[in-house]
Amino acid sequence: MALFEYFPNYIWNLSVAIAMESGGRIGEIVDMCQPIKDAAASGADAGTPMFMAQWVAMADKLIDLAAEDEAQGRAFSASDKLERASLYLFNAERMQGHGHPGRQATYAKARDTFDRSTALGQINRRRVDIPLATGTMPALYTSAPGNGPHPVVVYCNGLDSCKELLYWSRLPEALARRGISTLCVDQPGSGEALRLQNLPVDPHSENWASKAVDWLEQQGDVDPKRIGMTGISLGGHFAPRAVAYEPRFASGAVWGANHNWAEVQQKRMKREGENPVPHYWAHVMWAFGASDMDDFLAKAEDMNLNGHMDGIKVPFLVTHGAKDRQISVDYAHDCYDQLVNSPRRALKLFTEREGGVEHVGADNMSYGRDYIADWFADTLGGKTA
C-alpha cells in the first residue's frame with residue numbers, strides 16, 4: 001500500500017496521513033510520533049492520551065514561534081506556523097474518545113488558532129453560520145476570484161472530519177482556481193455542530209443541505225443556478241442523498257462512495273474492514289445521539305442509498321480508491337449503477353497507476369482533488385485552463 005505506515009495499526013497511520021496531506025511537515029510529524037511508536041502496538045484505543053500529549057506539545061511550540069514572528073511584524077510567517085499548530089490540535093482531538101480529559105480544551109484551542117491564522121495570513125476563507133431548524137451549521141466560505149456571480153460547491157464532512165480539514169484538503173483552493181466558490185460545512189453530527197451544539201447526524205441530509213442552498217441564494221457573488229454538492233468519506237452518503245432530494249443542486253460528486261453505511265456497521269461488528277477513529281463505537285453513538293448500541297443501529301438504518309439514487313437528475317460523479325480498506329469498492333459500483341436518471345454519470349476508481357488508492361485518497365489526495373474540481377468546472381461552468 002502507498003499509505004505511510006509508521007505505526008503498527010491502521011487508525012494511527014490514517015491520522016498521520018491526514019496530517020501529511022493537510023499541510024503538516026514530515027520532520028514535525030516524526031518528532032511527534034517517535035516517542036509514542038511503542039504505544040501504538042497496544043492497539044488503536046489504548047495510547048490515544050499519549051498521542052494527544054505529543055501533538056499538543058508540538059502545536060504549543062509552533063504557537064510560541066508564531067508569537068515571535070508576529071511581534072516582529074511577520075504576519076504571514078506567523079500564520080503558516082499557526083496553520084500547522086491548529087492542524088495538529090484538530091488531529092489530536094479527533095483521536096480521543098468522547099469525554100476524554102482535555103479533548104474539549106484542545107478543540108477550543110484548535111479553533112482559536114485556526115481563526116488567528118486566517119486573520120494574520122489574510123486567507124481566503126470566511127466563517128459563516130447557517131440557520132437550521134434547530135441551531136446553526138457553522139461553515140467556511142471560500143470565494144472564487146472576481147466579482148461573480150460564481151458557481152459554488154457545498155462540501156460536507158464525513159463521520160470524523162470537520163470544516164477545517166475540508167479546507168485543508170485543498171479542494172476549495174482547487175475550485176477557486178477554476179472560478180468556483182466553496183462552502184465547507186460542519187453539518188449535524190460533525191465538527192462544531194456536534195461538539196458545541198450537540199446536533200446529531202441527520203441521515204436525511206437534504207434537511208440541512210437545503211438550508212445551505214437557501215443561504216447561498218442570498219449571496220450576491222453566487223449564481224443560484226450553478227450550485228453543486230460533494231462530500232468526503234461518510235459525505236458519500238450525505239451528498240448523493242441531498243442531491244437526490246434537493247432539486248436546486250445542479251451537479252454532484254462524492255469523494256469516496258458510502259452507499260450503504262448501515263450495512264458497513266454490520267460488517268464492522270464482525271471486524272470486517274478498518275475503522276476510521278479510535279474508540280469507534282463510542283464515537284458513532286455520540287455522533288448519532290444514541291443511548292446504546294441498539295439505539296445507534298436503529299438510527300443508522302437510514303444510512304442506505306438503495307432506493308434513493310434514482311432521484312438524482314443532474315450530472316453526478318462517483319470516485320473511490322481501488323484499495324479502500326474502510327469502505328469496499330463494491331459500494332462505488334452500487335452508487336454508479338443506480339444513477340439511472342442522471343443525464344451524465346461517471347465512475348472514477350483511483351488505482352496504483354496514479355495513487356489515491358486508500359480511503360478518500362489518504363495516501364495521495366491530489367488525484368481526487370483535481371478530478372473532482374475538474375468535474376465541477378465541466379458541469380457548473382468553471383474553467384480548467
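One structure accompanies this document, and this report is about it. Here the residue index of a chain counts from 1 through its sequence in written order. The model is predicted, so local features are restricted to residues of pLDDT at least 70 and side-chain atom pairs to those at 80 or more, both for listing and for counting; the totals for chains, interfaces and linings are taken over all residues. Hydrogens and water are ignored here; the side-chain numbers use all heavy atoms of the structure.

### Quick look at the overall build of the protein chain
A run of H or I in DSSP counts as a helix once it spans at least four residues, and a run of E counts as a strand once it spans at least two, with each numbered from the N terminus. Broken down by element type, the protein chain carries 15 helices and 8 strands. For the protein chain, the C-alpha radius of gyration of 20 Å lies close to 21 Å, the compact-globule estimate for 385 residues. Seen through its C-alpha atoms, the protein chain measures out along the principal axes to roughly 55 × 50 × 45 Å. Summary of the burial criterion: residues with accessible area below 20% of their type's maximum are buried, those above 50% are exposed, and those between are partly exposed, where the area comes from a 1.4 Å probe applied to protein chains only. Here the protein chain holds 385 residues, and the buried ones make up 59% of them. Taking the contacts inside the protein chain whose residues are at least 6 apart along the sequence as the reference set, 73% of them involve residues at least 24 apart. Areas reported here follow the Shrake-Rupley algorithm with a probe of radius 1.4 Å; residue values treat only the protein chains shown as occluding. Carbon and sulfur atoms form 47% of the exposed surface of the protein chain, whose accessible area is close to 14800 Å². Charged-residue counts in this description rest on Lys and Arg as positive and Asp and Glu as negative, His and the chain ends being excluded. The atoms used to mark charge sites are NZ of Lys, CZ of Arg, CG of Asp and CD of Glu. Mean positive and mean negative side-chain charge positions of the protein chain (38 and 49 charges, respectively) differ by 4 Å. For a compact globule the rule gives 2.2 Å times the number of residues to the power 0.38, and the radius of gyration it is set against comes from C-alpha atoms. Should any heavy atoms of two residues lie within 4.5 Å, those residues are considered in contact.

### Regarding the nonpolar core
Judged by nonpolar contacts, the single largest core of 67 residues is most densely connected at Phe7, Trp12, Trp55, Tyr88, Trp255 and Phe376. The element best represented in this core is helix H3 (residues 48-71), accounting for 9 residues. Each nonpolar core is a collection of buried residues, namely Ala, Val, Leu, Ile, Met, Phe, Trp, Tyr and Cys, held together in the definition by side-chain atoms within 4.5 Å. Residues Val152, Ala209, Phe249 and Val318 belong to the second largest nonpolar core, which totals 58 residues.

### A word on the layout of surface pockets
A cavity here means a set of 1 Å grid points, computed over protein atoms only, where a 1.4 Å probe fits but cannot escape. A pocket is an open set with protein on both sides within 12 Å along at least 5 of 7 lines, and lining residues have an atom within 4 Å of a point. Grid points are joined across faces, edges and corners, and a volume is the space filled by probe spheres set on the points. Size it by volume and the largest pocket reaches roughly 360 Å³. The wall of the largest pocket is formed by 16 residues, among which Glu83, Tyr167, Trp168, Arg170 and Glu173 lie closest to the centre. Put simply, the parts of the chain that give the lining of the largest pocket at least two residues each are helix H4 (75-94), helix H6 (163-168) and helix H7 (171-177). It is H4 that contributes the most residues to the lining of the largest pocket, 4 residues altogether. Residues are grouped as follows: Ala, Val, Leu, Ile, Met, Phe, Trp, Tyr, Cys and Pro are nonpolar; Asp, Glu, Lys and Arg are charged; all remaining types, including Gly, are polar. Considering only residue class, the lining of the largest pocket consists of 6 nonpolar, 4 polar and 6 charged.

### Things to note about the state of the cysteines
The definition used for a disulfide is geometric: two cysteine sulfur atoms within 2.5 Å. For the structure shown, the criterion picks out 0 disulfides. No disulfide involves Cys162; its sulfur sits 10 Å from the nearest other cysteine sulfur, which is in Cys184.

### Comments concerning the pairing of strand E6 (residues 251-255)
Here E6 lies mainly inside the structure; 5 of its 5 residues are buried. Every second residue of E6 is oriented toward a common face, with Ser251, Ala253 and Trp255 on one face and Gly252 and Val254 on the other, all of them buried. What joins strand E5 (residues 222-232) to E6 is helix H10 (residues 235-245), and the crossover it makes is right-handed. Here, the term right-handed applies to a crossover whose path from the first strand over the helix to the second runs clockwise when the strands point away from the viewer.

### Let's talk about H3
To estimate how far a helix should extend, the number of its residues minus one is multiplied by 1.5 Å. Compared with the 34 Å implied by 1.5 Å per residue over 24 residues, the 35 Å span of H3 between its first and last C-alpha is a close match. Residues of H3 that are buried include every one of Thr48, Phe51, Met52, Trp55, Val56, Met58, Ala59, Leu62, Ile63, Ala66 and Asp69, and no others. Buried positions along H3 lie against helix H1 (10-21), helix H2 (26-33), H4 and helix H5 (103-121). Immediately downstream of H3, the backbone of Gly73 shows phi near 80°, a positive value.

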